[in-house]
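# A structural walkthrough
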Amino acid sequence: MTLTGGWDAAADLVVVGAGVAGLTAATEAVRLGLRVLVVAKDVGDTSTRYAQGGMATATVDDVAAHAEDTIAAGAGLCDPAAVRSVVGDGTAAFAALTALGARFDTTADGRVARTREGGHRTARIVHAGGDATGAEIQRALTAAGPTALIDSVVLSVITGPHGAAGVVVATAAPSGALESVGVIHAPAVLLATGGSGMLFATGTNPTGATGDGIALALAAGAEIADVEFVQFHPTVFFAPGGHGRLPLISEALRGEGARLVDLDGRPVVGDAHPLGDLAPRDVVSRAVAARLAESGASHVLLDARGVPDVAHRFPTVTRSCRERGVDPATTPIPVAPAAHYACGGIVTDLVGRTCVPGLFAAGEVARTGLHGANRLASNSLLEGVVLGRRVAAAARDRVGTDTPGDPVVPRAARRLDRAVLQAAASAGIGVVRDADGVGAARQVAARAVDGPLTTVHDVEDAALTTLLDATATAAALRTETRGAHTRRDHPITDPAQSRSLVLSRDGDGALTVRRGDLARRLVPAGVS
Ligand code: SIN
């Protein structure tokens, strides 16, 4: 089909994505007086909406311990300055959300309720609606934020001599077919497109989590890093033959006393880590994968029968289990690891700036240095709020920048069929990897051919193909086990590899890789 076109719009800031980072930035930018346009594929189906456990929010006297736990989980690749900076803004992030109308759970005596999850030594995670924290944050931000241009997909970021100059957008019909193409001129563009969980056959992400921002950023000249660190959540509802988005069984259940056991009732994590079942997520996922390999079983069990009033405290989990015939109050829940979170992403500084002036990234699509090789549970909503607010302030500095630039409307892109790339990723770059598997995934990525971009699905498949290539390339080069990257053929962490793998596109569009000391970059003035 032929794309019709020709509409033009202008803004001070274009936000791509409508989850916690995007809508926080948009809301704050409007408050600062900027003209903001939000472009989203589906405003109701973000990863934020499905976040359960909560938002890690250290009180003032807990900031140092929260930073220590984050750095411990990150397995040597966190940027300590980024960690201190983001974690230190927890109280401000919480205040900003409550000021917008988000309602968090309280204890019987009226204090903010806090729970624990993996890797946290203390109860510092605030939550809403029991286990519906993300849904409440999404509700509050959607109500407060500017109206989004929905059912629209960004085809390219416009760049010129002064950096980002706007975006090329295609609106989509209900069938997903791309319709009219338009151009939004803006001196500041924020990519807040979320994760890329759809790279794998099963996961917790919504269907729109296809790594679109990564592909856009690379094409615009930005860098990505740490993409080999895909976090697999250890407790995702297991159903034989399950495919696509599966129900998350929140780690907070273990924080409230649930235990992971195998089909014979034996503990799964045991003494593999001092925090036992509340070890960081990579440790627990590895332990589950090892038990499955050893026993030949397809799943393990999360026994939540001892969690007080589980149906009331965890209504979302209870509902999704009951829909599948399991009542957590009386029956252990079948679970297995599945793709959950991209720890790496577009390289930014601590106000969300990429190396392309005017191009920002925030939220799961970004790599600030907070997560390192393994994100600490419930640090992502926090990062989205903190960075979203900072991007808005930084975007204000771009207002008035002259933004010449030629809109490029890509008509075709290298891509693979969705089923082919998901099979390659699940087999080769899943929880446990080795040279043969990652090599095979790279070979599949290399088979991508140019295909026309006529539907949203085509655009997404092109982005996922880029993700497969980048993730498999980095996973092949990282010949060690670290954080969320487990190599059965290199089971030891190698201190010589405690640096990020940074990827970008060369002049011919090929991916190039360098080892980078990203932690050494300067913290921008005015940010603690
Ligand atoms: C969970 O509730 O287990 C997920 C929380 C997170 O991914 O941070």
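Data block above holds the structure.
Now for a description of the structure that goes with this document. (Residues numbered from 1 in each chain as written. Predicted model: local features only at pLDDT ≥ 70, side-chain atom pairs only at ≥ 80, totals over all residues. Heavy atoms only, no water.)

## A closer look at the site of the ligand
Rules: Any residue with at least one heavy atom within 4 Å of a molecule or strand is counted as near it. Any pair of N or O atoms that falls within 3.5 Å is considered a polar contact. Within protein, one atom must be able to donate a hydrogen and the other to accept it, and sequence-neighbouring residues count only if both atoms are side-chain atoms. Each accessible area is a Shrake-Rupley estimate made with a 1.4 Å probe; only the visible protein chains count as cover when residues are assessed. Any residue that is not Ala, Val, Leu, Ile, Met, Phe, Trp, Tyr, Cys, Pro, Asp, Glu, Lys or Arg is counted as polar, Gly included; the first ten are nonpolar and the last four charged.
Every residue near the ligand is listed here: Q52, G53, E117, H233, L248, S250, E251, R281, H340, R375, A377 and S378. Between the ligand and G53 there is a distance of 2.9 Å, counted from an oxygen atom to a backbone nitrogen or oxygen. Separating an oxygen atom of the ligand from a side-chain N or O atom of R281 is a distance of 2.9 Å. Contact with the protein chains hides 95% of the accessible area of the ligand, taken as 260 Å² for the molecule alone. Taken together, the residues that form the shell around the ligand break down as 2 nonpolar, 6 polar and 4 charged.

## Examining empty space enclosed by the protein
For clarity, the threshold we go by: A cavity here means a set of 1 Å grid points, computed over protein atoms only, where a 1.4 Å probe fits but cannot escape. A pocket is an open set with protein on both sides within 12 Å along at least 5 of 7 lines, and lining residues have an atom within 4 Å of a point. Grid points are joined across faces, edges and corners, and a volume is the space filled by probe spheres set on the points. Strands here mean DSSP runs of E at least two residues long; helices mean DSSP runs of H or I at least four residues long; both are numbered from the N terminus.
In total, this model carries 2 cavities of 30 Å³ or more according to the counting rule given. Counted as a void, the largest cavity has a volume near 140 Å³. Forming the boundary of the largest cavity are 21 residues, of which S196, V230, A342, G344 and L467 lie nearest the centre. Of all the elements in the fold, those that place two or more residues in the lining of the largest cavity are strand 18 (333-342) and helix 15 (456-477). Among the elements that line the lining of the largest cavity, the one with the most residues is strand 18, at 4 residues. Partitioning the lining of the largest cavity into residue classes produces 10 nonpolar, 10 polar and 1 charged. Size it by volume and the second largest cavity reaches roughly 60 Å³. Lining the second largest cavity are V230, Q231, F232, D282, S285, R286, N374, V431, A484 and T486. Among the residues forming the lining of the second largest cavity, the class breakdown is 4 nonpolar, 4 polar and 2 charged.

## Thoughts on the pairing of strand 17 (residues 300-303)
Note the following rule: Burial classification: accessible surface area is computed with a 1.4 Å probe over protein chains only, and a residue below 20% of its type maximum counts as buried, one above 50% as exposed, and the rest as partly exposed. Between any two strands, at least two bridges found by DSSP are needed for them to pair.
Here strand 17 shows no split at all, with V300 and L302 on one side and L301 and D303 on the other all buried. As paired elements, strand 16 (residues 259-261) and strand 17 share 3 bridges and run antiparallel to each other. Each residue of the ladder has a partner; that of L260, found in strand 17, is L302. Sheet topology note: the strand 17/strand 18 ladder contains 3 bridges and is antiparallel.

## Concerning the layout of surface pockets
In this structure, the second largest pocket encloses a volume near 840 Å³. Together, 33 residues line the second largest pocket, and A215, A219, A413, T466 and R505 are the ones closest to its centre. When contributions to the lining of the second largest pocket are tallied by element, the ones reaching two or more residues are strand 8 (152-160), helix 7 (212-220), strand 22 (412-415), helix 14 (435-446) and helix 15. Taken together, the residues of the lining of the second largest pocket sort by class into 21 nonpolar, 5 polar and 7 charged.

## What about the side chain of D226?
What counts, and what does not: Whether two residues are in contact is decided by their heavy atoms: any pair within 4.5 Å suffices.
Along the chain, the position of D226 falls in the loop between strand 13 (224-225) and strand 14 (230-237). Residue class for D226 comes out buried when judged on its relative accessible area of 1%. Leaving out residues up to four positions away in the same chain, D226 has contacts with L77, C343, G344, R367, G372, S500 and L501.

## A closer look at the sheet that holds strand 5 (residues 114-115)
Sheet strands pair via backbone hydrogen bonds, and the direction of the pair is either parallel or antiparallel. The strand order across the open sheet formed by 3 strands is 4-6-5, and the pairing between neighbours is antiparallel. Of all strands in the sheet, those bounded by a partner on one side alone are strand 4 (55-56) and strand 5. One ladder, built from 2 bridges, connects strand 5 with strand 6 (residues 125-126); its direction is antiparallel. Counted as the bridge partner of R114 is V126 from strand 6.

## Regarding the nonpolar core
This is how it is decided: Throughout, nonpolar core names a set of buried Ala, Val, Leu, Ile, Met, Phe, Trp, Tyr and Cys residues whose side chains join them through atoms within 4.5 Å.
L191, L199, I346, L359, I429 and L468 are the most contacted members of the largest nonpolar core, which totals 55 residues. When residues of this core are assigned to their parent elements, the largest contribution, 8 residues, is made by helix 15. If we ignore the near neighbours within four places in the chain, the residues touching L191 are V16, V157, G213, L216, A217, I346, L359, F360, A361, A362 and V365. Grouped together as the second largest cluster of nonpolar side chains are 46 residues, V86, F94, L141 and A392 included.

## Some points on the packing of helix 13 (residues 418-428) against helix 14
So the rule is basically this: All axes here are fitted lines through C-alpha atoms, helices being fitted over the stretch that makes contact, and every angle between N-to-C directions spans 0 to 180 degrees. Here the angle decides the label: under 35 degrees means roughly parallel, over 145 means roughly antiparallel, 65 to 115 means roughly perpendicular, and every other value means oblique. For any pair of crossing helices, the crossing counts as left-handed if the nearer helix is rotated counterclockwise from the farther one by less than a right angle, and right-handed if it is rotated clockwise.
Axis separation between helix 13 and helix 14 bottoms out at 8 Å; the angle between their running directions is 165°. It follows that helix 13 is roughly antiparallel to helix 14 by the angle criterion. The handedness of the crossing between helix 13 and helix 14 is left-handed. Seen from helix 13, the contacting residues are V420, A424 and G428; seen from helix 14, they are G437, V438, A441 and V444.

## Overview of helix 13
Test applied: The arc in question is the one spanned by the directions pointing from the helix axis to the C-beta atoms.
Taken together, the buried positions of helix 13 are occupied by R418, L421, Q422, A424, A425 and G428. Seen from one end, helix 13 has its buried residues packed into an arc of 165°, which puts them on one side. Across from the buried face of helix 13, at angles greater than 90 degrees, the exposed residues are A419 and A427. At its buried positions, helix 13 is contacted by strand 23 (432-433), helix 14 and helix 15. Backbone nitrogen of A419 and a side-chain oxygen of the N-cap are separated by 3.1 Å at the start of helix 13; the cap is D417.

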